[in-house]
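Below, each chain spelled out in residue letters.
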Amino acid sequence: MKQDRIGLLVGWALGIIGLWFFDYFLYPTIDYFGKLVFSVAINIFWIWLVWIGWKLTTGKWKPVTPLIIGLLELGAGLYIYYS
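Residues numbered from 1 in each chain as written. Predicted model: local features only at pLDDT ≥ 70, side-chain atom pairs only at ≥ 80, totals over all residues. Heavy atoms only, no water.

Draft legend 1. Focus on a nonpolar patch on the surface. On the surface, a nonpolar cluster with roughly 570 Å² of combined accessible area is contributed by Tyr27, Phe33, Leu36, Val37, Val40 and Ile44. The topology assignment puts isoleucine 44 in helix H2 (residues 33–56). (Patch = residues over 30% accessible without salt bridge, like charges linked within 9 Å, V, L, I, M, F, W, Y side chains within 5 Å. Areas by Shrake-Rupley, 256 points an atom, 1.4 Å probe, with all protein chains shown as cover. Salt bridge = Lys/Arg side-chain N within 4 Å of Asp/Glu carboxyl O. Helix = DSSP H or I, 4+ residues; strand = E, 2+ residues; numbered from the N terminus.)

What follows is the structure, given as structure tokens:
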């Protein structure tokens, strides 16, 4: 497996962990179907964002960009969860 794909997979893993913390905070506040659809759309967008970061970069930044985006997602999820 190439190094850039490892960066993509690790970035996705970090992002999914961050989304779990975000969703753990968000799901108790969902009281109608529209919020659920919005939540699922946000989760798909964040996972798609990691892939776009991987797809649009080249060179040394290709394995690093998904990691940075995944760490940002993880940080946002932890911030929301613990605040």
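Okay, back to it.
Draft legend 2. A look at the packing of helix H1 (residues 3–26) against helix H3 (residues 61–82). Their axes nearest at 7 Å, the elements H1 and H3 cross at an angle of 10 degrees. If you check the angle between H1 and H3, you find them roughly parallel. The class makeup of the residues in the contact of H1 with H3 is 16 nonpolar, seven polar and three charged. (Axes fitted to C-alpha atoms, helices over the stretch in contact; angles between N-to-C directions. Parallel < 35°, antiparallel > 145°, perpendicular 65-115°, else oblique. Nonpolar A, V, L, I, M, F, W, Y, C, P; charged D, E, K, R; others polar.)

Draft legend 3. Representation of the environment of leucine 9. As for its position among the elements, leucine 9 is in helix H1. For leucine 9, a relative accessible area of 41% puts it in the partly exposed group. Placed 58 residues apart in sequence, leucine 9 and leucine 67 show a C-alpha to C-alpha distance of 8.7 Å. (Buried < 20%, exposed > 50% of the residue type's maximum accessible area, 1.4 Å probe, protein only.)

Structural measurements only, silent on function.
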